[in-house]
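Chain and residue survey
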Amino acid sequence: MDFLCKTADFNQFKTECTVIFTAATNTLSAIAQNADTLCEGQISRLIKSGDFKNQVGNSAWFYPSTGKSARILVVATGLKTANASLDSETFISLAEATAQALCSKSLKQASIHLNDIAVEDQPVQWISQTLSSRITSAAYRYTQTKKVDELPLLAKVTLCTDKAQLTAAKKGATLGAAVGQGINTARTLGDLPGNICTPTYLANEAKLLAKKSTKFTTKIVEAAEMKKLGMGSLLSVSAGSDQPPKLIVMEYKGKASKAPNVIVGKGITFDTGGISLKAGAGMDEMKYDMCGAASVLGTMHTLVELGAPVHVVAVIAAAENMPSGRATKPGDVVTSMSGKTIEVLNTDAEGRLVLCDALTYVERFKPKSVVDIATLTGACVIALGHHATGLFSNEQALADKLLEAGKQTHDRAWQMPLWDEYKKSLKSNFADLANIGGREAGSVTAACFLSYFTESYPWAHLDVAGTAWNSGANKGATGRPVSLLVNYLLNNA
Ligand code: BES
Ligand code: MN
Ligand code: ZN
């Protein structure tokens, strides 16, 4: 998707579509009034008829016989008056509805006027970034293993503003387009089936990213080297699979610095549960168990695309969790890279087993901070549903930064406790740690398990089990939390 920013007023240039944001009330915004004139009063008549409710995101199409716009798309703000400003949550709904509408018609280009809208506490750059990332992501279609009848044609969006705001609008559009691309990378990888998207496939994706920039390097730690490093926990997860595990290590050095911010993704390319086999219904969705890894690759894609002045190390612990004669069994004790022994009471609690070794591995980078992203627990979905990502941290300042990044991008997280009281449930009679706690507070005890391996640096854990993909008729990866991560990394370089 290309975004062009320019200074232009309504009806000053030829366009396939002009988007008008307005309160669908008797007092139309200035641009909506002009549009109404071009449409011979059809917009105001539609509103008067009561058929067009003033609810944020409601939209209607018009095809004026005069003027320079082939189409006019009116999107209701839901505001009571034309000149009030929107709160940021409402604007995000408005942007999302606009993006969906634009991708539903056979138009290649559209224009949006930014002058007519104001968002409380948000500069034009944020407005422009929000629109561009939502529009880029709305154009995503899965095409890898299925023919799609009609692809969205939209390829170019013109953002119109005044001279004073032009630079900010451009900056926002560049950022938003890159974030949208990163989101789409994460969605593509998430949606790919487990027989295509294997640990080796993820490793190859990381190698491709390194070709995009001289500041980017990718290194793959293979099983033999993992063995030498003592990664007995990670290796115990891939033991039952014919797919070799991969520890994928990427470094993007967009600025000179010693201490990078590190992100670590869970990359279970299929989670059968192993010997603690999962039930059959809905098991196909466990192809999404690498969405943490996908968000890491999506985030790196965005940073490279932007040439961002940040120093980030990204690690993916990739493996397939399968039952077999060589698979790890409940009760087996394995030794992690940290030296801690782990009793594997349930082979379906495998995410923490691959992550703990990756989290020990990243100590070598002397990180400024480490954030892991994982579809770690069904319990997190029970606790928070599908709106909020679960956030756990051993440092409140880091938690606050991530919460704020989530708010800014509407890719929100909600903090959960990491108290010592919860840690007791991980006691084992036969190892330093058990890999599961009891039935209660499952997302918290999973995070507690990880906390034993992250004591030497500021660390946060994002449980995206409820937010990384949608089930049902709209089954598909969401690309979360790429927006949150990019926002966090750019603001805390
Ligand atoms: N990948 C799953 C978590 C998951 C399940 C995410 C369903 C989204 C939807 C993870 O590996 C897992 O199986 N966790 C177990 C842990 C349990 C055995 C302690 C779970 O959540 O049931
Ligand atoms: Mn599992
Ligand atoms: Zn899993």
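Everything here concerns the structure above.
Keep in mind that what you see is a predicted model, and the values were worked out from it rather than measured.

A look at the overall build of the protein
Check the secondary structure of the protein and you find 15 helices and 19 strands. Taking 2.2 N^0.38 as the reference for a compact globule, 493 residues should give roughly 23 Å; the C-alpha atoms of the protein span a radius of gyration of 24 Å, in line with that estimate. With respect to the principal axes defined by its C-alpha atoms, the protein has extents near 80 × 50 × 45 Å. Counting every position in the protein, which comprises 493 residues, the buried fraction comes to 58%.

Quick notes on the coordination of the manganese ion (ligand 2)
Coordination of the manganese ion (ligand 2) by the protein is provided by Asp271 (OD), Asp348 (O), Asp348 (OD) and Glu350 (OE), with metal-donor distances spanning 2.1 to 2.2 Å. With 6 donor atoms in place around the manganese ion (ligand 2) and angles of 71 to 168° between them, the coordination shape is irregular. For the manganese ion (ligand 2), all donor residues lie on one chain, and their spacing in sequence is D-x76-D-x1-E. Between the two metals, the manganese ion (ligand 2) and the zinc ion (ligand 3), the spacing is 3.2 Å, and aspartate 271 donates to both. A residue pair is termed long-range when its members are at least 10 positions apart, and aspartate 271 in strand E9 (residues 261–271) and aspartate 348 in the loop between strand E12 (341–344) and helix H10 (351–361) qualify at 77 residues. With relative accessibility at 2%, the residue aspartate 271 sits in the buried group.

Some thoughts on the site of ligand 1
The environment of ligand 1 is formed by 16 residues, the closest being Lys278, Asp289, Asp348, Glu350 and Gly378. Here lysine 266 contributes a side-chain N or O atom positioned 3.2 Å from an oxygen atom of ligand 1. Aspartate 289 has a polar side-chain atom sitting 2.8 Å from a nitrogen atom of ligand 1. The fraction of the free accessible surface of ligand 1 (510 Å²) that becomes covered by protein chains is 77%. The cavity where ligand 1 resides is the second largest pocket. A breakdown of the residues in the shell around ligand 1 according to their chemical character gives 5 nonpolar, 4 polar and 7 charged.

As for the layout of surface pockets
The probe, sized like a water molecule, is rolled over the atoms to show the empty space still left. By volume, the second largest pocket is sized at about 750 Å³. Contributing to the lining of the second largest pocket are 32 residues, with Lys278, Asp348, Thr377, Gly378 and Ala379 lying nearest its centre. Considering each element in turn, the lining of the second largest pocket owes the most residues, 4 residues, to helix H11 (residues 378–384). Across the lining of the second largest pocket, the residue classes tally to 12 nonpolar, 11 polar and 9 charged.

As for empty space enclosed by the protein
The tally for this structure, following the rule as stated, stands at 2 cavities of 30 Å³ or more. Its boundaries defined by the atoms lining it, the largest cavity holds a volume of some 70 Å³. Ser236, Val237, Asn321, Thr328 and Thr347 are the residues nearest the centre of the largest cavity, which is lined by 13 residues in total. Of the residues assigned to the lining of the largest cavity, the class counts are 6 nonpolar, 6 polar and 1 charged. Quantified by volume, the second largest cavity comes out at close to 30 Å³. If you trace the second largest cavity, you find it lined by Asp9, Phe10, Asn11, Gln12, Phe13, Thr15, Thr18, Ser69, Ser111 and His113. In terms of residue class, the lining of the second largest cavity is made up of 2 nonpolar, 7 polar and 1 charged.

Topic: the sheet that holds strand E5 (residues 109–113)
Strand order in this open sheet of 6 strands is E1-E6-E5-E2-E4-E3, and the pairing throughout is mixed. Across the chains shown, the open sheet's two edge strands, defined by having one partner strand only, are strand E1 (2–7) and strand E3 (59–62). Each adjacent strand pair in this sheet contributes to an overall mean axis angle of 25°, direction not counted. The pairing of E1 with strand E6 (residues 156–161) spans 6 bridges and is classified as parallel. Residue lysine 6 lies in a different strand from E6, and its bridge partner there is cysteine 160. Packing of helix H4 (residues 124–138) onto the sheet brings it into contact with E1, strand E2 (18–22), E5 and E6, and relative to E6 it is tilted by some 165°. In this fold helix H5 (residues 166–191) packs onto E1 and E6, with an angle of close to 175° to the strand it touches most, E1.

Here we look at unusual backbone geometry
With omega at 0°, the peptide bond leading from arginine 480 into proline 481 counts as cis. As for its position among the elements, proline 481 is in the loop between strand E19 (476–477) and helix H15 (482–491). A positive phi angle is found at asparagine 11, which is not glycine, with a value near 65°. Checked against the element boundaries, asparagine 11 lands in the loop between E1 and E2. Non-glycine residue histidine 410 carries a positive phi angle of around 55°. Here histidine 410 shows up in the loop between helix H12 (396–409) and strand E15 (413–415).

A short note on the coordination of the zinc ion (ligand 3)
Listed as protein donors to the zinc ion (ligand 3) are Lys266 (NZ), Asp271 (OD), Asp289 (OD) and Glu350 (OE); their distances from the metal cover 2.0 to 2.4 Å. Relative to the metal, the 6 donor atoms surrounding the zinc ion (ligand 3) lie at angles of 79 to 175°, and the coordination shape comes out octahedral.

Looking at the pattern of salt bridges
Considering all chains together, one arrives at 14 salt bridges under this definition. Measuring nitrogen to oxygen at the nearest pair gives 3.1 Å for the salt bridge that ties arginine 134 to glutamate 96. Residue arginine 134 is found in helix H4, and its partner glutamate 96 is found in helix H3 (residues 88–102); the two are separated by 38 residues along the sequence. Of the residues examined, glutamate 96 reaches a relative accessible area of 26% and is grouped as partly exposed. For lysine 278, the salt bridge is made with aspartate 348, and the minimal N-O distance between the two is 2.9 Å. Within this pair, whereas lysine 278 is found in the loop between E9 and helix H9 (291–306), its partner aspartate 348 is found in the loop between E12 and H10, the two being separated by 70 residues in sequence. When its relative accessible area of 24% is taken as the criterion, lysine 278 is described as partly exposed. Three or more residues joined by partner-sharing salt bridges are found here, namely Lys266, Asp289 and Glu350.

Quick notes on the rules
Residues numbered from 1 in each chain as written. Chains lettered and ligands numbered in written order. Predicted model: local features only at pLDDT ≥ 70, side-chain atom pairs only at ≥ 80, totals over all residues. Heavy atoms only, no water. Helix = DSSP H or I, 4+ residues; strand = E, 2+ residues; numbered from the N terminus. Rg over C-alpha atoms; globule rule 2.2 N^0.38 Å. Buried < 20%, exposed > 50% of the residue type's maximum accessible area, 1.4 Å probe, protein only. Donors = N, O, S within 2.8 Å, 3.2 Å for Na, K, Ca; no water. Tetrahedral: all angles 85-135°; square planar, octahedral: opposite > 155°, others 65-115°. Near = heavy atom within 4 Å. Polar contact = N/O pair within 3.5 Å; in protein donor to acceptor, adjacent residues only side chain to side chain. Areas by Shrake-Rupley, 256 points an atom, 1.4 Å probe, with all protein chains shown as cover. 1 Å grid on protein atoms, 1.4 Å probe; cavity = no way out; pocket = protein on both sides within 12 Å on 5 of 7 lines; lining within 4 Å. Sits in = over half its atoms within 2 Å of the grid points. Nonpolar A, V, L, I, M, F, W, Y, C, P; charged D, E, K, R; others polar. Points joined across faces, edges and corners; volume = space filled by probe spheres on them. Pairing = 2+ DSSP bridges. Axes fitted to C-alpha atoms, helices over the stretch in contact; angles between N-to-C directions. Contact = heavy atoms within 4.5 Å. Salt bridge = Lys/Arg side-chain N within 4 Å of Asp/Glu carboxyl O.

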